[in-house]
Amino acid sequence: MSTVEEQFLARAIDLATRNVHDGGGPFGALIVTDEGRTFEGTNRVTANNDPTAHAEVMAIRNACSSLRTFDLSGCMLYTSCEPCPLCLAAALWARVHCIVYAADRHDAAQAGFDDAVFYEFFAKPVEERSMQLLHVDLPESAGAEPFRAWAELTDRTDY
């Protein structure tokens, strides 16, 4: 890892540490564009009463809003801790090029942030999962109507 990458990772760790003293969780993240622009995010789950306000998600939101795009292709995500499944999915949807992290999921678990139940959720058969997902097959595929409308839209922005 280069000195610049180490500096970005150190910045994410510093964001996480400072966030603890600002009413947030111990997680910090940084999106860095290939031109070197940076966008910060910190964990604000309890501060904002928002279970999706993870540091990585907040950094992605800040970058996308500022850059006026939903596509972060070519961007790097530096984060103080290995992304949980929510944050990993957000990074995949944003098309982040690479994720660099410091602490891993086991370090997080030792501090009381155990994401194992989420990883296990996806590994279990549907009928054994802790939360039910119920598919209701409506008459004449009514549930697919939004997709038909989308397919017919000529000026849509694909993602």
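Bear in mind that the values here come from a model prediction, so they are computed numbers and not experimental data.

**Section: the layout of surface pockets**
Each pocket or cavity is described by its volume, and for the largest pocket that value is around 600 Å³. Surrounding the largest pocket, 26 residues form its lining, His54, Cys84, Leu86, Asp115 and Phe118 being those nearest its centre. Where the lining of the largest pocket is concerned, the elements lending two or more residues are α2 (45-48), α4 (85-94), α5 (105-110) and α6 (116-123). At 4 residues, the largest contribution of residues to the lining of the largest pocket is made by α6. Residue composition of the lining of the largest pocket, grouped by class: 16 nonpolar, 6 polar and 4 charged.

**Things to note about unusual backbone geometry**
Trans peptide bonds make up the majority, and among non-glycine residues the majority have a negative phi. The phi angle at Arg68 is positive, at roughly 60°, despite the residue not being glycine. As for its placement among the helices and strands, Arg68 is situated in the loop between α3 (55-67) and β3 (76-81). Owing to a relative accessible area of 76%, Arg68 belongs among the exposed residues under this scheme. The phi dihedral of Arg95 falls on the positive side, at around 65°, and the residue is not glycine. With respect to the secondary-structure elements, Arg95 resides in the loop between α4 and β4 (98-103). The exposure class of Arg95 is partly exposed, given its relative accessible area of 31%.

**Observations regarding the nonpolar core**
Residues Ile31, Ile60, Leu72, Leu77 and Val96 are the most contacted members of the largest nonpolar core, which totals 17 residues. Elements with a minimum of two residues in this core: β1 (28-32), α3, β3 and α4. When sequence neighbours within four positions are dropped, the list of residues in contact with Val96 reads Ile31, Leu72, Cys75, Met76, Leu77 and Ala91.

**Structural notes on the sheet that holds β3**
Strand order in the open sheet formed by 4 strands is β2-β1-β3-β4, with mixed pairing between adjacent strands. Looking at strand neighbours, the two that pair on one side only are β2 (38-42) and β4, the edges of this open sheet. Geometrically, the sheet is characterised by an average inter-axis angle of 15° between neighbouring strands, direction not taken into account. Along the sheet face, helix α1 (residues 3-20) touches β1, β2, β3 and β4 and points at about 45° away from the line of β3. On the sheet, α3 packs against β1, β2 and β3 and is oriented at approximately 145° with respect to β2.

**Structural notes on the side chain of Ser80**
Its place among the elements puts Ser80 in strand β3. Ser80 gets classed as buried once you look at its relative accessible area, which sits at 9%. Once residues lying within four places of it in the same chain are set aside, the contact partners of Ser80 are Ala12, Ile13, Ala16, Pro26, Phe27, Gly28, Ala102 and Ala103.

Conventions adopted
Residues numbered from 1 in each chain as written. Predicted model: local features only at pLDDT ≥ 70, side-chain atom pairs only at ≥ 80, totals over all residues. Heavy atoms only, no water. 1 Å grid on protein atoms, 1.4 Å probe; cavity = no way out; pocket = protein on both sides within 12 Å on 5 of 7 lines; lining within 4 Å. Points joined across faces, edges and corners; volume = space filled by probe spheres on them. Helix = DSSP H or I, 4+ residues; strand = E, 2+ residues; numbered from the N terminus. Nonpolar A, V, L, I, M, F, W, Y, C, P; charged D, E, K, R; others polar. Buried < 20%, exposed > 50% of the residue type's maximum accessible area, 1.4 Å probe, protein only. Core = buried A, V, L, I, M, F, W, Y, C linked by side-chain atoms within 4.5 Å. Contact = heavy atoms within 4.5 Å. Pairing = 2+ DSSP bridges. Axes fitted to C-alpha atoms, helices over the stretch in contact; angles between N-to-C directions.

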